[in-house]
Amino acid sequence: MAGSWKRVPLAEIAEFTSKPRELRLADYKAIPFVPMELIPSDKIAIDGFLMKDPSVISSGTFFKEGDILLPKITPSFENGKQAIAKDLPLPFGLATTEVIPLREKANISDKLFLFYFLLKGDVRQSLASKMEGTTGRQRLNTEALKTLPVPLPPLPEQRAIARVLRAVQEVMQALRRELELERERKAALMHHLFRYGTRGEPTKQTEIGEIPQSWKVVRLRDIVTLQRGVDLPIQRRSPGTIPVVGSNGIVGWHNQALSDEPVPGITIGRSGSVGSLCYLEQPYWPLNTVLYVSDFHGNDPQFIYYWLHLFGFEKYSQGVSVPTLNRNSVYPILFPLPPLEEQLQIAQIMAVSDLKITALEQELALYQELFRALLEELMSGRLSVQPLLEQEPA
């Protein structure tokens, strides 16, 4: 810890909010209420609030605008939920009784510094070890939180640390929004391409609705042959680079593929995660929890892969305790099929969309890693923000 830092209990640098004795909720027509589901784990501010008539609120925790709302119950606490109450229509609100509201102390601590300190992995683990109650309903005691030791730098340094972390967090939020939009664009693109195609040609009426003039209506059995995978217990697997595919995707590796599957290949979750799809560009071993395509009947595998996402296999599953998919129940389903050339065009367009999504996911993962590293290094003082302080105007 740097020489100018000091270690103090949280109660010395934070105020814990409590309801004023003189406050009468009945004096208000409606009060902002924050349930646990509106406290995020990846943002700074709450995700909104509900306006409730005081007469219908049976219980709640009083908080002030600007308070940090820290969940105290498992698993919300361990999952990193917490947020700052912002943009309320009143100077106060009520939240689920499962939060502890706290705020900075003027001229002593910075709100965002406290916010980020409480996000640290080792801080959460330490506090989680002090939770009380039965398994699944354990809670953090406010008194235990008050004794939490905090390595505290001078106030200007707290603010500089918070600025750095906030800048990275804002980039992550922008990337999440962009990723969400890109996924929505992909869904809209799929809907359009698999209904109208790429050529803008006139449509014709068929038993499954309007489809482009050059498309055919076929049954699923006419365009793919599905086979059940083969069990391969872990003790029978040998070290290798061949993916072993189950209903949740790649679950292991082996030194040889099942002999007759085509490449690229597609697997469909048959048992457990019914309908989950996996596209493989190398030889693989499909387990008996999946169906795999053994013959594409001359169609483009990548086009078939994207089309199957619209299929909704889940509604054809059978069984209650362990849902399963029978290929004979999906073979008769009618399917609009474009010519091979247009299949290739559609698959190419969808692949470009997938590349954008993958790039955004990778960029977001890098920023998440950077944020975690900065959180540990800045909060421990191992990484100094002194250069930032020296750049600030006097």
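Everything in this summary refers to the structure shown in the same document.

What counts, and where the lines are drawn
- Residues numbered from 1 in each chain as written.
- Predicted model: local features only at pLDDT ≥ 70, side-chain atom pairs only at ≥ 80, totals over all residues.
- Heavy atoms only, no water.
- Helix = DSSP H or I, 4+ residues; strand = E, 2+ residues; numbered from the N terminus.
- Rg over C-alpha atoms; globule rule 2.2 N^0.38 Å.
- Buried < 20%, exposed > 50% of the residue type's maximum accessible area, 1.4 Å probe, protein only.
- Contact = heavy atoms within 4.5 Å.
- Areas by Shrake-Rupley, 256 points an atom, 1.4 Å probe, with all protein chains shown as cover.
- Lys, Arg positive; Asp, Glu negative; His and termini not counted.
- Charge placed at Lys NZ, Arg CZ, Asp CG, Glu CD.
- Pairing = 2+ DSSP bridges.
- Phe/Tyr/Trp six-rings, centres within 6.5 Å; stacked < 30°, edge-to-face > 60°.
- Lys NZ or Arg CZ within 6 Å of the ring centre and 35° of its normal.
- Axes fitted to C-alpha atoms, helices over the stretch in contact; angles between N-to-C directions.
- Parallel < 35°, antiparallel > 145°, perpendicular 65-115°, else oblique.
- Left-handed = near helix turned anticlockwise from the far one by under 90°.
- Nonpolar A, V, L, I, M, F, W, Y, C, P; charged D, E, K, R; others polar.
- Core = buried A, V, L, I, M, F, W, Y, C linked by side-chain atoms within 4.5 Å.
- Polar contact = N/O pair within 3.5 Å; in protein donor to acceptor, adjacent residues only side chain to side chain.

Per the secondary structure count, the protein chain includes 10 helices and 21 strands. Over its C-alpha trace the protein chain gives a radius of gyration of 28 Å, far above what one expects of a compact globule, namely 21 Å for 394 residues. Counting only C-alpha atoms, the protein chain reaches 75 × 55 × 50 Å along its principal axes. Within the protein chain, buried positions represent 46% of all 394 residues. Counting contacts in the protein chain only where the partners sit at least 6 residues apart, residues at least 24 apart contribute 74% of the total. As displayed, the protein chain offers around 20000 Å² of accessible surface, 51% of which is attributable to carbon and sulfur atoms. Distance between charge centroids for the protein chain: 5 Å, based on 44 positive and 45 negative side chains.

Moving on, we get to the sheet that holds strand S2 (residues 14-16). One open sheet accounts for four strands, arranged S2-S9-S6-S7; its pairing is antiparallel. Sheet topology places S2 and strand S7 (83-84) at the edges, where each strand pairs with a single neighbour.

On to the packing of aromatic side chains. The tally for this structure, following the rule as stated, stands at 11 aromatic pairs. Measuring from centroid to centroid gives 5.1 Å for Trp 307 and Phe 311, while their planes differ by 65°, and the two rings are edge-to-face. In terms of burial, Trp 307 and Phe 311 fall into one category: buried. An aromatic cluster is present here, built from Trp 307, Phe 311, Phe 313, Tyr 316 and Phe 335 joined pairwise through their rings. Sitting over the ring of Phe 77, Arg 124 keeps its end group 4.7 Å from the ring centre. Over the face of the ring belonging to Phe 16 we find Lys 146, whose NZ or CZ atom lies 5.3 Å from the ring centre.

Another aspect to go through is the packing of helix H5 (residues 155-196) against helix H9 (residues 340-380). At a minimum axis distance of 9 Å, the contact between H5 and H9 shows a crossing angle of 165°. The angle between H5 and H9 falls in the class roughly antiparallel. Every pair of crossing elements has a handedness; the one defined by H5 and H9 is left-handed. For the contact of H5 with H9, a count of residues per class yields 25 nonpolar, three polar and nine charged.

Turning next to the sheet that holds strand S19 (residues 285-286). Strand order in the open sheet formed by three strands is S16-S15-S19, with mixed pairing between adjacent strands. Edge positions in the open sheet fall to strand S16 (249-254) and S19, since each of these has one partner strand only. Sheet topology places strand S15 (residues 242-246) next to S16; five bridges connect them, and they run antiparallel. Residue Pro 243 lies in a different strand from S16, and its bridge partner there is Trp 253.

What follows deals with the nonpolar core. In summary, soluble globular proteins display a tendency toward joint burial of nonpolar side chains. Counting residues in hydrophobic clusters, the biggest one holds 47 residues, and the most contacted among them are Leu 10, Tyr 116 and Leu 165. Of all hydrophobic cores here, the second largest spans 35 residues; its members include Ile 268, Phe 296, Tyr 306 and Leu 308.

Our next topic: the side chain of Glu 201. Relative to the assigned elements, Glu 201 resides in the loop between H5 and strand S11 (203-206). At 2.7 Å, the side chain of Glu 201 forms a polar contact with the side chain of Ser 214. Those residues in contact with Glu 201 that sit more than four places away from it in its chain are Pro 212, Gln 213, Ser 214, Trp 215 and Glu 342.

On to the environment of Leu 10. Residue placement: Leu 10 occurs in helix H1 (residues 10-13). Sequence spacing of Leu 10 and Glu 207 is 197 residues, and the spatial spacing of their C-alpha atoms is 69 Å. Ignoring sequence-local partners within four residues, the contact set of Leu 10 consists of Phe 16, Leu 102, Leu 114, Leu 145, Lys 146, Leu 148 and Val 150.

Time to look at the pairing of strand S8 (residues 92-95). On S8, burial covers both faces: Phe 92 and Leu 94 on one face and Gly 93 and Ala 95 on the other are all buried. Bridging between strand S5 (residues 61-64) and S8 involves four bridges; their strand directions are antiparallel. The residue of S8 that forms the bridge with Phe 63 is Gly 93.

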